[in-house]
Amino acid sequence: MQTLRRPKVRDQAVDQIKQYIVAHNLSSGDRLPTETQLAESFGISRLSVREATKSLEFLGIVEAKTGVGLTVGRID
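Now for a description of the structure that goes with this document. Along each chain, residues carry numbers from 1 onward, in the same order as the chain's sequence is written. Reporting in this predicted model follows two pLDDT cut-offs: at least 70 for local features of residues, and 80 or more for side-chain atom pairs to be given and counted; totals over whole chains, interfaces and linings ignore these cut-offs and use all residues. No hydrogens and no water enter the side-chain calculation; it runs on all heavy atoms of the structure.

**Notes on the pattern of salt bridges**
We define a salt bridge as a side-chain nitrogen of Lys or Arg found within 4 Å of a carboxyl oxygen belonging to Asp or Glu. What the rule picks out here adds up to five salt bridges. Among the ionic pairs, Arg 10 bridges to Asp 11, the shortest N-O distance being 3.2 Å. Buried means the residue's accessible area, taken with a 1.4 Å probe over protein chains only, is under 20% of the maximum for its type, while exposed means over 50%, and partly exposed covers the values in between. With relative accessibility at 26%, the residue Arg 10 sits in the partly exposed group. With a closest N to O distance of 2.9 Å, Glu 35 and Arg 50 form a salt bridge. In this pair, Glu 35 is assigned in helix 2 (residues 35-42) and Arg 50 in helix 3 (residues 46-59), connecting sequence segments 15 residues apart. Put simply, Glu 35, Arg 46 and Arg 50 are held in one network by salt bridges that share partners. Secondary structure elements follow DSSP: runs of H or I no shorter than four residues count as helices, runs of E no shorter than two count as strands, and numbering proceeds from the N terminus.

Laid out in structure tokens, this is it:
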């Protein structure tokens, strides 16, 4: 038998943020809700949201800009 792996909250948050971008028809440069707002709407900690946004930022899907907040990066 194989050990079952539970999905990490961060990975679930990544999927939720991607779905949010698609569901709201956001394009490059559009603003996302704050980390606090995302955490509240997903029912998770702000730290988990931050880890998710850092992952998405690494992929170029989300950009974090000082004084602006989270914006949508490039979308394929």
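Read on for the rest.
**Thoughts on the packing of helix 1 (residues 9-23) against helix 3**
Here, axes are lines fitted to C-alpha atoms. For helices the fit covers the stretch in contact, and angles between N-to-C directions go from 0 to 180 degrees. Running from N to C, helix 1 and helix 3 point in directions that differ by 65 degrees, and their axes come no closer than 8 Å. The two elements helix 1 and helix 3 cross, and the hand of that crossing is right-handed. Side by side, helix 1 and helix 3 meet where Val 9, Arg 10, Ala 13, Val 14, Ile 17 and Lys 18 of the first sit next to Ser 48, Glu 51, Ala 52, Thr 53, Ser 55 and Leu 56 of the second. Charged means Asp, Glu, Lys or Arg here, nonpolar means Ala, Val, Leu, Ile, Met, Phe, Trp, Tyr, Cys or Pro, and polar covers whatever is left, Gly included. Counted by class, the contact of helix 1 with helix 3 contains six nonpolar, three polar and three charged residues. Helix crossings fall into two classes, left-handed where the near helix is turned counterclockwise from the far one by less than a right angle and right-handed where it is turned clockwise. Note on contacts: a residue pair is in contact if any heavy atoms of the two residues lie within 4.5 Å.

**Structural notes on helix 1**
By this rule the span expected of a helix is its residue count minus one, scaled by 1.5 Å. Helix length check: helix 1, at 15 residues, gives a terminal C-alpha distance of 20 Å against a target of 21 Å (1.5 Å per residue), a fit within 8%. Where helix 1 is concerned, the buried positions are Ala 13, Val 14, Ile 17 and Ile 21. The buried residues of helix 1 occupy an angular sector of 105 degrees when projected down its axis, which confines them to one face. Residues of helix 1 that are exposed and point over 90 degrees away from its buried face: Val 22 and Ala 23. Considering only its buried residues, helix 1 is in contact with helix 2, helix 3, strand 1 (62-65) and strand 2 (69-72). Remark: Asn 25 follows helix 1 within two positions and exhibits a positive phi of approximately 50 degrees. In this description, the arc belongs to the directions extending from the helix axis to the C-beta atoms.

**Looking at helix 3**
It helps to recall that an α-helix has 3.6 residues per turn; residues three or four apart then point in one direction. In this model helix 3 runs 20 Å from its N-terminal to its C-terminal C-alpha over 14 residues, within 8% of the 20 Å that 1.5 Å per residue would give. Turning to helix 3, its buried residues number three or more, namely Ser 48, Val 49, Ala 52, Thr 53 and Leu 56. Down the axis of helix 3, the buried set is contained in an arc of 135 degrees. They therefore lie on one face. What points out from helix 3, more than 90 degrees from its buried face, is the exposed set Leu 47 and Phe 58. Considering only its buried residues, helix 3 is in contact with helix 1, helix 2, strand 1 and strand 2. Just beyond helix 3, the residue with positive phi is Gly 60, at close to 85 degrees.

Read these as spatial facts, not as claims about activity.
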